[in-house]
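Residues per chain, in single letters:
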Amino acid sequence: MSFKNFKVFNFKLIYSLGRYYKGLSFYSTAEKSLPDSPMFVFDRQSKLLQKERAAQSLQPHIYDYLKDEVGFRLADRIFDIKRKFKLAIDLGCGRGHVTKNVTADAVEKLIICDSSPSQLEQAASPEKGVDFERVLLDEESLFPFEDNSVDLVISNLSLHWVNDLPGVFSKIKNCLVNDGVLLLSLFGGDSLYELRCSLQLADLERKGGVSAHISPFVKPQDLASLLHRCGFNMITIDVDEICIGYPSMFELMNDIKGMGENNAASKRSVHLDRDTMFAAAAIYQELYGREGEGGGGGVAATFQILYAVGWKPDASQPKPAQRGSGQVSFKDIGRLDQIASKTGQIDLGKSE
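The paragraphs below set out a description of the structure included in this document. (Residues numbered from 1 in each chain as written. Predicted model: local features only at pLDDT ≥ 70, side-chain atom pairs only at ≥ 80, totals over all residues. Heavy atoms only, no water.)

**Section: the packing of helix H6 (residues 193–207) against helix H9 (residues 274–288)**
Using the following cut-off: Axis geometry follows a simple rule: fit a line to the C-alpha atoms, using only the stretch in contact for helices, then measure angles between N-to-C directions, giving values from 0 to 180 degrees. A helix here means a DSSP run of H or I that spans at least four residues, while a strand means a run of E at least two residues long, and both kinds are numbered starting from the N terminus. Any angle that falls under 35 degrees is termed roughly parallel, while one over 145 is termed roughly antiparallel, one within 65 to 115 roughly perpendicular, and all others oblique. We call a crossing left-handed when the near helix sits turned anticlockwise from the far one by less than a right angle, and right-handed when that turn is clockwise. Throughout, a residue-residue contact means that at least one pair of heavy atoms, one from each residue, lies within 4.5 Å. In this count, Pro and Cys sit with the nonpolar residues alongside Ala, Val, Leu, Ile, Met, Phe, Trp and Tyr, while Asp, Glu, Lys and Arg are called charged and the others, Gly among them, polar.
Between H6 and H9, the shortest axis-to-axis distance is 8 Å and the interhelical angle comes to 130°. One element, H6, and the other, H9, form an angle in the oblique class. In this structure, the crossing between H6 and H9 has a hand that is right-handed. Listed contacts from H9 to Tyr-193, Glu-194, Leu-195, Cys-197, Ser-198, Leu-199, Leu-201, Ala-202, Asp-203, Glu-205, Arg-206 and Lys-207 of H6 are Asp-275, Thr-276, Ala-279, Ala-280, Ile-283, Tyr-284, Leu-287 and Tyr-288. The residue inventory of the contact of H6 with H9, partitioned by class, reads twelve nonpolar, two polar and six charged.

**Some remarks on unusual backbone geometry**
Applicable threshold: Accessible area is worked out with a 1.4 Å probe on protein chains only. A residue is then buried under 20% of its type maximum, exposed over 50%, and partly exposed in between.
Its identity as a non-glycine residue notwithstanding, Leu-192 has a phi of 55°, on the positive side. Among the structural elements, Leu-192 can be located in the loop between strand E6 (176–187) and H6. Judged by its relative accessible area of 8%, Leu-192 is buried. With phi around 50°, Met-234 is a residue other than glycine that occupies positive phi space. With respect to the helices and strands, the residue Met-234 is situated in strand E7 (residues 233–246).

**Let's talk about the nonpolar core**
Short version of the rule: In this text, buried Ala, Val, Leu, Ile, Met, Phe, Trp, Tyr and Cys residues form a nonpolar core when linked through side-chain atoms within 4.5 Å.
Formed by 53 residues in total, the largest nonpolar core has its most connected members in Leu-195, Leu-252 and Phe-303. With near-sequence residues (within four places) excluded, Phe-303 lies in contact with Leu-66, Phe-187, Ser-191, Leu-192, Asp-240, Glu-241, Ile-242, Ile-244, Tyr-246 and Leu-252. Among the nonpolar cores identified, the runner-up in size contains 29 residues, and Leu-137, Leu-176, Leu-223 and Ala-308 belong to it.

**Some details on the packing of helix H5 (residues 165–175) against helix H7 (residues 220–229)**
The angle between the axes and the distance between the axes are what describe a pair of packed helices. Packing of H5 against H7 leaves a shortest axis separation of 9 Å and a crossing angle of 50°. On the basis of the axis angle, H5 is oblique to H7. Judged by the sense of rotation from one axis to the other, the crossing of H5 with H7 is right-handed. Listed contacts from H7 to Leu-165, Pro-166 and Phe-169 of H5 are Leu-223, Leu-226, Leu-227 and Arg-229.

**Observations concerning the pattern of salt bridges**
Which entries qualify depends on this criterion: We define a salt bridge as a side-chain nitrogen of Lys or Arg found within 4 Å of a carboxyl oxygen belonging to Asp or Glu.
Enumeration over the complete set of coordinates arrives at 16 salt bridges. Residues Asp-179 and Arg-83 are paired through a salt bridge, measuring 2.7 Å at the closest nitrogen-oxygen approach. With a gap of 96 residues between them, Asp-179 in strand E6 and Arg-83 in the loop between helix H3 (65–79) and strand E2 (85–91) connect regions that are remote in the sequence. The closest approach of N and O atoms between Lys-207 and Asp-203, which form a salt bridge, is 3.9 Å. You can see Lys-207 and its partner Asp-203 sitting in helix H6, four residues apart, about one turn around the helix. With a relative accessible area of 0%, Asp-203 lands in the buried category.

**Details of the pairing of strand E8 (residues 299–311)**
Heads up, the rule is: By this definition, two strands are paired if DSSP reports at least two bridges between them.
In terms of residue burial, E8 counts as a mostly covered element, since 13 of its 13 residues are buried. Both faces of E8 are covered, namely the face carrying Val-299, Ala-301, Phe-303, Ile-305, Tyr-307, Val-309 and Trp-311 and the face carrying Ala-300, Thr-302, Gln-304, Leu-306, Ala-308 and Gly-310. Note: E6 against E8, seven bridges, orientation antiparallel. The residue bridging Leu-182 from the neighbouring strand is Gly-310, located in E8. With twelve bridges connecting them, E7 and E8 associate as antiparallel partners.

**Focus on the packing of aromatic side chains**
Rules: Any pair of Phe, Tyr and Trp rings, taking the six-membered ring for Trp, is counted once the centres come within 6.5 Å. Such a pair is stacked with planes under 30 degrees apart, edge-to-face with planes over 60 apart, and tilted for the rest. Charge-over-ring placement is defined geometrically: NZ (Lys) or CZ (Arg) within 6 Å of the ring centre, and within 35 degrees of the ring normal.
Following the criterion strictly, the structure yields six aromatic pairs and no others. Of the aromatic side chains, those joined through ring pairs into one cluster are Phe-187, Phe-217 and Phe-303. Here Lys-47 stacks its cationic end above the ring of Trp-161, 3.8 Å away from the centre of that ring. Note that Arg-77 overlies the ring of Tyr-307, its terminal NZ or CZ placed 4.0 Å from the centroid.

Here's what the structure looks like:
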């Protein structure tokens, strides 16, 4: 993939920055081109610059609370898989929100990857005993990893900024060994619906139209379909909602910027004028304000988190029974014990 067709950012800047980070490997994507297609939803250079600015702020750690929580929940899913992974990749690692929770009894070697050199340098290390490497690359490119070479791929709140999500999923499947697993988290389609609605109503009232102030997010059913289309099986999708209180809309928007999660849609409205912003804040408080002493309860913001698990096919994996092989109808499930005792196919031993 290339950034030749992009408007602003030259990837040579990343290379020059990466040279100053000791221990970083760099893989250039400047030789292959990204074809023009309707899949170009996000401005990848703008997102890279946003992540760099967020990482270079005075206190970047104070904005890590959401990604740290989701990263902890995602890492907990690694321990649910009763095996030790020889090689794992954290794709779009950010400041190490998953990495710092990885233990030596679960992973032998971990490679963390991100497009932002500052965030990659700041990323926390895993537990002592885990072989560890940092690699600077873009999430839409997986060229350094050979086919059938990786046991586990993790991605925490990163791939929702990818334009060609099916293409990335296909590359992940190719680099996984048979029976390898993909664990990922994404912001879901209902994330920040309060902020989205408030900005749209303010736009309608002040300008008579609606601008794209919030980036689009994937829906749970679409994520499952994409993983299945790309060849994964035994897919599991979990949906979680994290509701966080803020004093007002302005603190919420400031924290989103501090996370590096501000809008990067290619068709976004670049400027949000003062009049519309104050109107949106008033609407937000009116519609989604929290009750508190003296009416000062602040506002609520909802983040919908999608967790997905997908496995690369292997002959050792369990397979569904053939269609038509069922012997009991769902309408008889209430008297399953009677059917089982009559047929003798299930041992209904007396419970003590």
